[in-house]
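# What the coordinates show
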Amino acid sequence: MGIAAFISIMAFPLPPAAMENQTEVSEFILLGLTKLQELRCFLFTLFLLLYLTSVLGNGAIMAVVLAEPRLHTPMYFFLGNLSCLDICCSTVTIPKMLAGFLSKHQIISFTGCLIQLHFFHFLGSSEVILLAVMAYDRYVAICNPLRYMLVMNPQVCLLLAAATWTTGFLHSLLHTVMTSRLHFCGHNRVHHFFCDIKPLLSLACSSTRLNLSLLNIVTGIIALTPFIITLLSYLYIISFLFLKVQSWDGRRKAFSTCTSHLTVVALLYVPVLFNYMPHSMGGSSVREMIITLIYTIITPVLNPLIYTLRNQEMKSALRKALGRKLLPGKK
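Residues numbered from 1 in each chain as written. Predicted model: local features only at pLDDT ≥ 70, side-chain atom pairs only at ≥ 80, totals over all residues. Heavy atoms only, no water.

### Overview of the overall build of the chain
Per the secondary structure count, the chain includes twelve helices and three strands. Burial statistics for the chain: of 331 residues in total, 44% are counted as buried. Of all intrachain contacts in the chain linking residues separated by at least 6 positions in sequence, the fraction that spans at least 24 positions is 80%. Accessible area of the chain: about 17500 Å², with a carbon and sulfur share of 72%. (Helix = DSSP H or I, 4+ residues; strand = E, 2+ residues; numbered from the N terminus. Buried < 20%, exposed > 50% of the residue type's maximum accessible area, 1.4 Å probe, protein only. Contact = heavy atoms within 4.5 Å. Areas by Shrake-Rupley, 256 points an atom, 1.4 Å probe, with all protein chains shown as cover.)

### Notes on the UniProt feature "transmembrane region" (unreviewed entry) in the chain
Following the UniProt record, the feature "transmembrane region" (unreviewed entry) maps to residues 43-67, 74-94, 114-136, 156-174, 217-243, 255-277 and 289-309 here. In residues 43-67, the share of helix is 100% and the share of strand is 0%. The end C-alpha atoms are 35 Å apart. From the first C-alpha to the last, residues 156-174 spans 27 Å; its make-up is 100% helix and 0% strand. (UniProt positions renumbered as here; feature names shortened; annotations may be inferred.)

### Here we look at the nonpolar core
Membership of the largest hydrophobic core comes to 50 residues, with the highest contact counts inside it found for F47, L82, I297 and M314. At twelve residues, the largest contribution of residues to this core is made by helix α4 (residues 74-102). Non-local contacts of L82, meaning those with residues more than four positions away in its chain, are made with E127, L130, L131, M134, V264, N303 and Y307. In this structure, V25, L30, F110 and L200 belong to the second largest nonpolar core, which totals 19 residues. (Core = buried A, V, L, I, M, F, W, Y, C linked by side-chain atoms within 4.5 Å.)

### Re the pairing of strand β1 (residues 27-30)
Put simply, side chains in a regular strand alternate between the two faces of the sheet. The pairing of β1 with strand β2 (residues 106-109) spans four bridges and is antiparallel. If you follow F28 over to β2, its bridge partner there is I108. (Pairing = 2+ DSSP bridges.)

### Some points on the layout of surface pockets
Estimated volume of the largest pocket: approximately 530 Å³. If you go around the largest pocket, you meet 25 residues; those closest to its centre are M75, Y76, R138, T257 and E313. Those elements that place two or more of their residues in the lining of the largest pocket are α4, α5 (110-143), α9 (209-244), α10 (248-276) and α12 (312-326). Looking at the lining of the largest pocket residue by residue, the class counts come to 13 nonpolar, seven polar and five charged. (1 Å grid on protein atoms, 1.4 Å probe; cavity = no way out; pocket = protein on both sides within 12 Å on 5 of 7 lines; lining within 4 Å. Points joined across faces, edges and corners; volume = space filled by probe spheres on them. Nonpolar A, V, L, I, M, F, W, Y, C, P; charged D, E, K, R; others polar.)

### Points about the state of the cysteines
Counted by the stated rule, this structure contains two disulfides. With a sulfur-sulfur separation of 1.9 Å, C113 is cross-linked through a disulfide to C195. Here the S-S torsion is close to -115°, and the disulfide linking C113 with C195 is therefore left-handed. Of the two residues, C113 sits in helix α5 while C195 sits in the loop between β3 (189-190) and α8 (197-201), which places them 82 residues apart along the sequence. The class of C113 is buried, set by a relative accessible area of 1%. (Disulfide = S-S within 2.5 Å.)

### A short note on the packing of helix α3 (residues 37-67) against α4
Put simply, α3 and α4 touch, their axes get as near as 9 Å, and they point 160° apart. By the angle between their axes, α3 is roughly antiparallel relative to α4. The interaxial crossing formed by α3 with α4 has left-handed handedness. Tallied by class, the residues present in the contact of α3 with α4 amount to 19 nonpolar, eight polar and two charged. (Axes fitted to C-alpha atoms, helices over the stretch in contact; angles between N-to-C directions. Parallel < 35°, antiparallel > 145°, perpendicular 65-115°, else oblique. Left-handed = near helix turned anticlockwise from the far one by under 90°.)

### Focus: the packing of aromatic side chains
In the structure shown here, the tally under the stated rule is 14 aromatic pairs. Where F47 meets F101, the ring centres are 6.3 Å apart and the plane angle is 5°; that geometry is what we call stacked. With F47 in helix α3 and F101 in helix α4, this residue pair connects regions lying 54 residues apart in the sequence. Taken individually, F47 and F101 each receive the classification buried, so the pair is uniform in this respect. Their ring planes at 50° and their centres at 5.3 Å tell us that F193 and F194 sit as a pair that is tilted. You'll find F193 and F194 in the same group, each marked buried. Clustering of aromatic rings is evident, with ring pairs tying together F119, F122, W165 and F169. (Phe/Tyr/Trp six-rings, centres within 6.5 Å; stacked < 30°, edge-to-face > 60°.)

### Section: the packing of helix α7 (residues 154-180) against α9
The contact between α7 and α9 brings their axes to 10 Å, and the two run at 170°. Classified by the angle between their axes, α7 and α9 sit roughly antiparallel to one another. Contact residues: α7 offers T167, H171, L174, H175, M178 and T179, while α9 offers L210, N211, L214, L215, V218, T219 and I222. Along the lines of polarity and charge, the residues of the contact of α7 with α9 split into seven nonpolar, six polar and no charged.

Structure (structure tokens):
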């Protein structure tokens with residue numbers, strides 16, 4: 001039987017697809033940010049501190065929003081969702097990157113790579129959509145304040161939050177399924193610090209034309225549609241303030257509630273558009289890693305500072321919460 005099988009294989013060789021399956025990779029090596037050992041310790045300490053700052057800052061916002069009854073409003077409900085997304089998005093990529101600084105080779109299984117890719121794009125696209133929802137919330141609050149609590153009632157807020165997370169999940173699932181169908185049959189070194197779509201597509205042996213089309217079209221829609229909604233919301237807000245609000249004090253108060261959100265939108269959208277909107281695959285891996293670091297670690301660190309430093313209600317609630325912790329017997 002062994003000789004017969006050998007003769008049959010020699011007479012009828014395996015098709016290319018079967019040969020690819022024989023050499024298909026089962027794990028990837030993440031090359032990370034640098035190979036220089038003297039930089040690894042410094043970067044490990046830096047990103048560990050940034051990650052802890054992000055988790056503590058966003059965790060504090062979530063805790064205060066949940067604990068303080070006067071913050072149980074639509075704006076702070078969505079802010080709590082944003083903080084949760086920031087914590088989760090950083091946790092998907094940063095711990096694995098920190099582990100890579102301590103080891104010579106940062107190996108991740110094919111399944112682990114797909115899981116990381118899925119959750120990164122799930123949380124990232126959900127955050128983009130959530131920022132548009134927050135812009136609409138500001139539009140209703142400023143331009144239609146008398147009907148604000150009727151329009152943005154708890155049921156609507158829960159529906160918008162559920163739609164945000166669901167859309168992000170389905171968008172990411174599409175990319176994960178399409179990436180899992182590709183063949184990887186040789187090179188397994190990923191020029192990135194985590195499993196992202198574009199670095200993985202550059203390693204595929206099979207055609208990636210459909211994947212690239214989906215990346216450009218679907219991800220473009222997911223990024224641009226919330227951006228257009230955000231832009232239109234603020235155009236309506238600005239026109240309303242200058243045409244209907246006569247007092248400068250009223251305009252200043254309205255703008256102060258929007259400045260934080262606009263800053264967060266700019267910090268997220270600018271690097272995301274640079275990274276995912278180009279149609280070519282020939283971008284610099286170093287440039288892409290630096291841009292990715294901005295919205296995976298820098299933006300989540302800055303978001304709590306932006307929302308607390310410019311928000312009197314949040315600062316007052318934080319002081320109240322800290323006062324209860326430090327002086328529990330004092331009212």
